[in-house]
Structure formats: structure tokens, C-alpha cells
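Each chain, written out:
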Amino acid sequence: MAATDFKDYYSVLGVNRTATADEIKKSFRRLARKYHPDMNPGDRQAEARFKEVSEAYEVLSDADKRKKYDQFGQYWKQAGTRSPSGYGAGSPGVDMNGFDFSQYTSFDDFINELLGRMGTGAPPGGAPGGARRTQSYRTTGGSTGFGGFEDFANYGAPPKTSPNRQEASIMLSFAEAFRGVQKRINLGPETIEVRIPPGAKPGTRIRVRGKGAMNPQTGQRQDLYLTVSLQSHSFFQFDGDNLTCELPIAPDEAVLGCSVEVPTPDGSVQMNIPPGIRHGQSLRLRGKGWPGRKGDRGDQLVKIAIAIPKELSKAERDCYQKLRKLRNNDPRGNLGKVRL
């Protein structure tokens, strides 16, 4: 898998990296129902999301695959495999740069050695003399009061021809990604500060100029590329580039229509629900979605969920029974014409 094709399976399922097997299964079932082709006939975007969700669950639901994925990130499929020459075999089109991933306990170890080895002339597997130079690669949350960092992070795709390109992932909350945030990143003896611009989405790539691995040919440091992952949110989700949410309404509100408050990233707004709205139908709040790269705002899609009460008072039950007697339409009236 090429680095640019890497998918954060945790972000795809909307769970944290510490999620339990039950949490992963619960999230998968919810998303699978939402995007299943039978529920979205003719919707190719939903079909693609269903395949993506299924792929993520296939890996994270398998303890062995998940362990390799957590250790080696985008290279998890190549972990522990060797070519006849003794180096990582990889898959077609994957440049493994001669690395044998079975010698590393985690992807961080691979990153650390890569950072420490650049420009030292050390062979794969360690520094001269067998001692491995390690540099930690961690981020700490929250804004800081430190300034004067050399370069602001910028959106951008990494050059395809850049050798030894340094990449890592960074986890943000929805609030941090929406408003932008300043993060501190530890690179061994060096600590840098990176400003994440407002509007980062899952999979957004951030370029930090001149903070990556040393280029042994030029003697200059290359750019560092960060891939954004978002922590799961209790209300908001992403469906591709769209910010989405699910709004529960009562049966009477669906029949008669109503006006309700809907949370948006920057506060609640009043939204009119038209009479006769269907379960699963989506309404659009224009300009209330995620910030774009040019400072504009996308839309927020509000998916309606008709909440059927599990418990009824005697008065409510009497009213529903009266409605049943008064109802003059048959919602299954056309099923008698169904044939294979």
C-alpha cells in the first residue's frame, strides 16, 4: 500500500485507538446499517463507504491483524514478511527501501531508526556497532504559549519523488480540528511546534517544512508530513467531506412538522422539520458545516431518525389506538402487486 493510500481504520470506524472489541463491533454494525447498499440503492458513495467500513472492521476485529496494524501502521501487511534476500518483500508497487520490518517491535521504532540513521551511514537494522539510535515521536495536546517556531504547517500533497519521506499521524479532537490548534511534537532531542489550520478533516495531510528526515544527498532536512485523525464525537460525524449528524424526532413531529434546535459546530440553530418527513431523510443546514481551505463553510447534513417510544402512558396508548382506527391509508397497500 502506498503511503498516500493509507487509511486510518480507527477514524473510518469513528473509534479511539484504545477502543475495545465490543466498541469496534458496535460502531461497525451502526455504520454498516447506515451505508449498506440495500439501505442506499444506487448510492455509489454509500457503497464505497460500506466497503471502507467493512475493510476497517476486517482488520480491527482480528486481534493479530490489529496488533500488526497498531505496530506498523501503513506497513502492517508487510510486517514479519521477508523476501529471499532477507528484506521486507512488501506488495507490488510498494517501495520498502530494503527494510525488514520483522526486526521492529513497532512502527515508531522504524520511524525512530530512520530519523537517527539519516546521514550517519549506518546500515539497516541499527547504528554502527549494533547500537540503535532512537528518537521519540510523540505529540502532546493543547495549545501552548510558545512561539517562534520556524514554519507553519500547510496543507499540501507530498512530492511523489521525495525519497525517505517522513510521515506520521496526529490525533485531534473535533474542536481542535474545527478551530485550528497549535501542537507540540517531540522529535527526540528536538521539540517543534506545529499550527494545524482550521478545518482539518480525517485524512488531511499537513506539511511541516524542513522538519523531516535528513536527505543524505543534499545534507538538508526534508519536510515532515502529518496525517490527521479525529477522535470520535457523540453527535457529529464525517461522511466523506460532509459534516453529518443524526437528529431524533417524535412520531407526531414527523407527521405534523415542527421547529427544533440543532447543534452545529459553532452553536445551536433553529431548523424547521416539514410535515410528513421520512425516517432517514436528510435536511441541509447551509453554511453550518466544516471550514474549507479558503475560509468558506460547508453544509451540515441532518439525518432524521424517528424515535419510536418504548414505553407509553395510558393516555398515549389510547391516542395511538384511536389513530389506528381513524387512519385511512394503508402503508403496505402496494405490496400486493409485488412479483419476482
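The shown structure was predicted, so the numbers you read here are calculated from the model rather than taken from an experiment. (Residues numbered from 1 in each chain as written. Predicted model: local features only at pLDDT ≥ 70, side-chain atom pairs only at ≥ 80, totals over all residues. Heavy atoms only, no water.)

(A) Here's a closer look at the environment of Ser169. For Ser169, the position within the fold is in strand E3 (residues 166–172). Given a relative accessible area of 46%, Ser169 falls into the partly exposed group. Note: C-alpha distance between Ser169 and Thr227 (58 residues apart in sequence) is 4.5 Å. (Helix = DSSP H or I, 4+ residues; strand = E, 2+ residues; numbered from the N terminus. Buried < 20%, exposed > 50% of the residue type's maximum accessible area, 1.4 Å probe, protein only.)

(B) Quick look at the sheet that holds strand E13 (residues 300–306). Spatial ordering of the open sheet is given by E8-E9-E13-E12, a layout of 4 strands whose pairing is mixed. Among the strands making up the open sheet, the edge pair consists of strand E8 (237–239) and strand E12 (282–285). Strand-to-strand twist across the sheet, computed as the mean angle between neighbouring axes with direction ignored, equals 40°. Across 3 bridges, E8 lies against strand E9 (residues 242–249) in antiparallel orientation. Along E9, the bridge assignment pairs Phe238 with Leu243. On the sheet, helix H2 (residues 21–35) packs against E8, E9 and E13 and is oriented at approximately 40° with respect to E8. (Pairing = 2+ DSSP bridges. Axes fitted to C-alpha atoms, helices over the stretch in contact; angles between N-to-C directions. Contact = heavy atoms within 4.5 Å.)

(C) Geometry of helix H4 (residues 63–72). Restricting attention to buried positions, one finds in H4 the residues Arg66, Tyr69 and Phe72. One face of H4 carries all of its buried residues, which in axial projection span an arc of 155°. Those residues of H4 that are exposed and angled more than 90 degrees off the buried face are Ala63 and Lys67. Sitting at the head of H4, Asp62 places a side-chain oxygen 3.0 Å from the backbone nitrogen of Asp64. Backbone geometry just after H4 places Gly73 at a positive phi near 55°. (Arc of directions from axis to C-beta. Polar contact = N/O pair within 3.5 Å; in protein donor to acceptor, adjacent residues only side chain to side chain.)

(D) Molecular detail of the packing of H2 against helix H3 (residues 44–60). Two numbers describe how H2 lies on H3: the axes approach to 9 Å, and their chain directions differ by 160°. One element, H2, and the other, H3, form an angle in the roughly antiparallel class. Helix-helix and strand crossings are classified by hand; for H2 and H3 the assignment is left-handed. Of H3, the residues touching H2 (which contributes Ile24, Lys25, Phe28, Leu31, Ala32 and Tyr35) are Ala46, Glu47, Arg49, Phe50, Val53, Ser54, Tyr57 and Leu60. Looking at the contact of H2 with H3 residue by residue, the classes come out as 10 nonpolar, 1 polar and 3 charged. (Parallel < 35°, antiparallel > 145°, perpendicular 65-115°, else oblique. Left-handed = near helix turned anticlockwise from the far one by under 90°. Nonpolar A, V, L, I, M, F, W, Y, C, P; charged D, E, K, R; others polar.)

(E) Highlighting the nonpolar core. By size, the foremost hydrophobic cluster in this structure holds 37 residues, and its most contacted members are Leu172, Ile196, Leu226, Leu247, Val262, Met271 and Ile273. With near-sequence residues (within four places) excluded, Met271 lies in contact with Leu247, Cys258, Ser259, Val260, Val262, Leu283, Leu285 and Val302. Counting residues in each nonpolar core, the second largest holds 20 residues, with Val12, Ala19, Tyr35 and Tyr57 among its members. (Core = buried A, V, L, I, M, F, W, Y, C linked by side-chain atoms within 4.5 Å.)

(F) Representation of the packing of H3 against H4 within the structure. Running from N to C, H3 and H4 cross one another at 100°; their axes reach a closest spacing of 6 Å. Classified by the angle their axes make, H3 and H4 are roughly perpendicular. Where H3 approaches H4, its residues Glu58, Val59 and Leu60 are matched on the opposing element by Lys65, Arg66 and Tyr69. Class assignment of the residues belonging to the contact of H3 with H4 gives a composition of 3 nonpolar, no polar and 3 charged.

(G) Examining the environment of Lys77 more closely. Position of Lys77 among the secondary structure elements: in the loop between H4 and helix H5 (107–117). A residue is classified by how much of its surface remains accessible, and Lys77, at 53% relative accessible area, is exposed. Through-space distance from the C-alpha of Lys77 to that of Lys65 is 8.3 Å; in sequence the pair is 12 residues apart.

(H) Representation of the environment of Val59. With respect to the helices and strands, the residue Val59 is situated in helix H3. Under the relative-accessibility criterion, Val59 is labelled buried at 4%. The spacing of Val59 and Tyr9 is 50 residues in sequence and 8.1 Å in space, taken between C-alpha atoms. Once residues within four sequence positions are removed from consideration, Val59 is found in contact with Tyr9, Lys65, Arg66, Tyr69 and Trp76.

This is a description of form; function is not addressed.
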